[in-house]
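Architecture and fold: a report
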Amino acid sequence: MTQAPEIRLAAAIGWLCLTEEPATDDLCAAVDDLATYERAHAMDTLPWMAAASGSDETGLRRCVRKMLHPKQPDPVGFDDPWSQHSR
(Lines give C-alpha, C1' and ligand atoms only; values in the text may rest on other atoms or scores of the structure.)
Protein backbone atom coordinates (compact mmCIF):
# COMPACT_ATOMS: atom_id res chain seq x y z
CA MET A 1 0.00 0.00 0.00
CA THR A 2 1.34 3.43 -0.96
CA GLN A 3 1.15 6.12 1.71
CA ALA A 4 -0.50 9.49 1.06
CA PRO A 5 1.85 12.20 -0.27
CA GLU A 6 1.57 14.17 2.99
CA ILE A 7 2.74 11.15 4.98
CA ARG A 8 5.64 10.47 2.61
CA LEU A 9 6.72 14.13 2.78
CA ALA A 10 6.53 14.20 6.59
CA ALA A 11 8.53 10.96 6.81
CA ALA A 12 11.19 12.27 4.43
CA ILE A 13 11.56 15.57 6.32
CA GLY A 14 11.67 13.70 9.62
CA TRP A 15 14.42 11.43 8.30
CA LEU A 16 16.40 14.43 7.06
CA CYS A 17 16.12 16.08 10.48
CA LEU A 18 17.21 12.97 12.36
CA THR A 19 20.21 11.86 10.33
CA GLU A 20 23.48 13.30 9.19
CA GLU A 21 23.49 10.98 6.19
CA PRO A 22 23.42 12.80 2.87
CA ALA A 23 20.11 12.71 1.07
CA THR A 24 20.07 10.50 -2.00
CA ASP A 25 19.14 11.92 -5.39
CA ASP A 26 15.89 9.92 -5.25
CA LEU A 27 15.00 11.39 -1.86
CA CYS A 28 15.78 14.94 -3.04
CA ALA A 29 13.61 14.46 -6.11
CA ALA A 30 10.76 12.98 -4.06
CA VAL A 31 10.80 15.82 -1.51
CA ASP A 32 10.99 18.46 -4.24
CA ASP A 33 8.05 16.76 -5.98
CA LEU A 34 5.97 16.35 -2.80
CA ALA A 35 6.56 19.87 -1.46
CA THR A 36 3.96 21.41 -3.75
CA TYR A 37 2.78 25.01 -3.64
CA GLU A 38 -0.59 23.92 -2.20
CA ARG A 39 0.98 21.69 0.46
CA ALA A 40 3.48 24.39 1.42
CA HIS A 41 0.75 26.98 1.91
CA ALA A 42 -1.40 24.53 3.87
CA MET A 43 1.55 23.87 6.18
CA ASP A 44 2.10 27.59 6.77
CA THR A 45 -0.88 27.43 9.14
CA LEU A 46 1.42 25.52 11.51
CA PRO A 47 3.21 27.97 13.83
CA TRP A 48 6.68 26.45 13.32
CA MET A 49 6.34 26.47 9.54
CA ALA A 50 5.04 30.04 9.56
CA ALA A 51 8.06 31.02 11.70
CA ALA A 52 10.42 29.43 9.16
CA SER A 53 8.91 31.35 6.25
CA GLY A 54 10.15 34.67 5.03
CA SER A 55 10.06 36.97 2.08
CA ASP A 56 7.93 35.23 -0.56
CA GLU A 57 9.11 31.77 0.49
CA THR A 58 6.91 29.41 2.51
CA GLY A 59 8.31 27.70 5.57
CA LEU A 60 8.21 24.32 3.85
CA ARG A 61 10.03 25.52 0.75
CA ARG A 62 12.65 27.25 2.92
CA CYS A 63 13.19 24.09 5.00
CA VAL A 64 13.52 21.99 1.85
CA ARG A 65 15.95 24.50 0.32
CA LYS A 66 18.10 24.67 3.46
CA MET A 67 18.16 20.87 3.96
CA LEU A 68 18.53 19.70 0.36
CA HIS A 69 19.99 22.67 -1.50
CA PRO A 70 22.05 24.56 1.11
CA LYS A 71 24.17 26.33 -1.50
CA GLN A 72 21.14 28.08 -2.99
CA PRO A 73 21.09 31.67 -1.74
CA ASP A 74 18.24 33.14 0.28
CA PRO A 75 15.71 35.11 -1.77
CA VAL A 76 16.51 38.79 -2.23
CA GLY A 77 15.23 40.79 0.71
CA PHE A 78 14.99 37.79 3.04
CA ASP A 79 15.48 38.74 6.67
CA ASP A 80 16.30 35.65 8.74
CA PRO A 81 15.10 36.32 12.30
CA TRP A 82 17.52 33.71 13.69
CA SER A 83 20.58 34.92 11.82
CA GLN A 84 23.36 36.50 13.85
CA HIS A 85 23.55 39.14 11.12
CA SER A 86 19.97 40.27 11.83
CA ARG A 87 20.71 41.21 15.44
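Each value, and the rule that gives it
- Residues numbered from 1 in each chain as written.
- Predicted model: local features only at pLDDT ≥ 70, side-chain atom pairs only at ≥ 80, totals over all residues.
- Heavy atoms only, no water.
- Helix = DSSP H or I, 4+ residues; strand = E, 2+ residues; numbered from the N terminus.
- Buried < 20%, exposed > 50% of the residue type's maximum accessible area, 1.4 Å probe, protein only.
- Contact = heavy atoms within 4.5 Å.
- Axes fitted to C-alpha atoms, helices over the stretch in contact; angles between N-to-C directions.
- Parallel < 35°, antiparallel > 145°, perpendicular 65-115°, else oblique.
- Left-handed = near helix turned anticlockwise from the far one by under 90°.
- Nonpolar A, V, L, I, M, F, W, Y, C, P; charged D, E, K, R; others polar.

Details of the overall build of the chain
- Within the chain, the regular secondary structure consists of five helices and zero strands.
- Counted from the first residue to the last, the chain has its helices and strands arranged as α-α-α-α-α.
- By the burial criterion, 30% of the 87 residues in the chain qualify as buried.
- A fraction of 40% describes how many contacts in the chain between residues 6 or more apart in sequence connect residues 24 or more apart.

Details of the packing of helix α2 (residues 25-34) against helix α5 (residues 59-68)
- Viewed as axis vectors pointing N to C, α2 and α5 meet at an angle of 165 degrees, and their least axial separation amounts to 11 Å. Here α2 is positioned roughly antiparallel relative to α5, judged by the angle of their axes. Judged by the twist between their axes, the crossing of α2 over α5 is left-handed. Residues Cys-28, Val-31 and Asp-32 of α2 form the contact with α5, whose participating residues are Arg-61, Val-64 and Leu-68.
- For the contact of α2 with α5, the per-class residue count stands at four nonpolar, no polar and two charged.

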